[in-house]
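Structural description and commentary
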Amino acid sequence: MTEAPKIFYLLNAEDVGHCPPMIIRPATLQDLPEVKRLLDAAFAPSLYESTLVELIMTGAEIHHGWVALLDSQIAGFILYSVATNETHPIGWHLAPLAVLPEAQRQGIGSALVAHSLQSPPLKEEPVFVLGDPAYYERFGFSPFKTPTCPYDPGNEHFRALRWQETATPFTVGYTSAFQLTAQQLGLE
């Protein structure tokens with residue numbers, strides 16, 4: 001069952017600045033063209049993120065995404081894909097998170113993170129993120145030793161939420177779309 005669209009007001013405004021009223025709802029395939037434009041603007045000049053998201057959203061692997069709408073325009077996007085230990089799912093990867101450049105620093109990204117982490121099916125599952133530690137630690141993400149991230153082997157910027165350390169070291173797996181390089185995607 002698809003979660004109904006809802007208006008989400010971020011209550012802790014001093015952490016994120018002014019957060020405008022917005023609608024946060026699950027992302028759909030019909031959103032993909034607008035989401036790709038948002039990603040291309042947010043990550044310019046890279047087209048890697050929009051190509052990656054298109055592969056994930058149109059592929060067969062399980063994923064969850066949300067969009068934030070301001071005045072009926074998609075101003076923010078967040079995507080989660082399966083994290084694995086070899087072939088066994090162990091949680092979710094948060095990647096990417098993006099906000100239109102002209103809408104940044106208004107709390108839209110923070111609202112997307114807070115809302116999505118409390119939404120089924122993520123609200124009780126481990127979530128991993130590779131990003132700014134100070135930003136993600138505000139949401140409860142913390143450092144850990146195992147697993148290691150193939151894109152950050154020292155786990156300097158890799159954080160987890162609701163993760164229990166394991167005694168056996170392993171490298172966390174990503175959905176197959178992440179393993180495609182920019183060259184393979186024709187972006188270099």
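Look above for the structure.
Residues numbered from 1 in each chain as written. Predicted model: local features only at pLDDT ≥ 70, side-chain atom pairs only at ≥ 80, totals over all residues. Heavy atoms only, no water.

Quick notes on the pattern of salt bridges
Opposite charge on two side chains permits pairing when their charged atoms draw close. Within this structure, the stated rule accounts for three salt bridges. Here Lys36 ties to Glu54 by a salt bridge, and the two come within 2.7 Å at their closest N and O atoms. Linking Lys36 in helix α2 (residues 32–42) with Glu54 in helix α3 (residues 48–58), this pair joins segments that are 18 residues apart in sequence. Classification of Lys36 as partly exposed rests on a relative accessible area of 23%. On the accessibility criterion, Glu54 (31% relative accessible area) is partly exposed. (Salt bridge = Lys/Arg side-chain N within 4 Å of Asp/Glu carboxyl O. Helix = DSSP H or I, 4+ residues; strand = E, 2+ residues; numbered from the N terminus. Buried < 20%, exposed > 50% of the residue type's maximum accessible area, 1.4 Å probe, protein only.)

Notes on the nonpolar core
Core analysis: the biggest nonpolar cluster contains 55 residues, and Phe77, Tyr80, Leu94, Ile108 and Phe141 have the highest contact counts within it. It is strand β4 (residues 73–85) that provides the largest number of residues to this core, a total of eight residues. Dropping the residues within four chain positions of it, Ile108 is found in contact with Met22, Ala68, Leu70, Ala75, Gly76, Val99 and Ala103. (Core = buried A, V, L, I, M, F, W, Y, C linked by side-chain atoms within 4.5 Å. Contact = heavy atoms within 4.5 Å.)

Notes on the pairing of strand β3 (residues 63–70)
For β3, the tally of buried residues reaches six of eight residues, placing the bulk of the element in the interior. Where strand β2 (residues 22–26) meets β3, four bridges bridge the pair, whose relative direction is antiparallel. Opposite Pro26, over in β3, you have Trp66 as the bridge partner. Of the strand pairs in this sheet, β3 and β4 are connected by eight bridges, and their pairing is antiparallel. Among the inter-strand pairings, His64 is bridged to a residue of β4, identified as Tyr80. Counting the residues between successive antiparallel strands, the hairpin from β3 to β4 contains two residues, one of them, Asp71, with a positive phi of roughly 50°. (Pairing = 2+ DSSP bridges.)

Digging into the environment of Leu29
Assignment of secondary structure puts Leu29 in the loop between β2 and α2. The spatial distance from the C-alpha of Leu29 to the C-alpha of Met57 is 6.9 Å, given a sequence separation of 28 residues. Discounting chain neighbours no more than four positions away, the residues touching Leu29 are Met57 and Thr58.

Quick look at the packing of aromatic side chains
All chains considered together, the criterion is met by 11 aromatic pairs. Look at Tyr151 and Tyr174: their rings are 5.0 Å apart centre to centre, the planes differ by 70°, and that puts the pair in the edge-to-face class. Pair noted here: Tyr151 is in the loop between α5 (133–137) and β7 (158–161) and Tyr174 is in the segment after β7, with a separation of 23 residues, a long-range link. Note on Tyr151: relative accessible area 41%, which makes it partly exposed. Taken together through their ring pairs, the aromatic side chains of Phe128, Phe144, Phe158, Trp163 and Phe170 make up a single cluster. (Phe/Tyr/Trp six-rings, centres within 6.5 Å; stacked < 30°, edge-to-face > 60°.)

Comments concerning the side chain of Asp31
Structurally, Asp31 is set in the loop between β2 and α2. A relative accessible area of 7% means that Asp31 is categorised as buried. Among the polar contacts made by the side chain of Asp31, one reaches the side chain of Arg25 at a distance of 2.7 Å. (Polar contact = N/O pair within 3.5 Å; in protein donor to acceptor, adjacent residues only side chain to side chain.)

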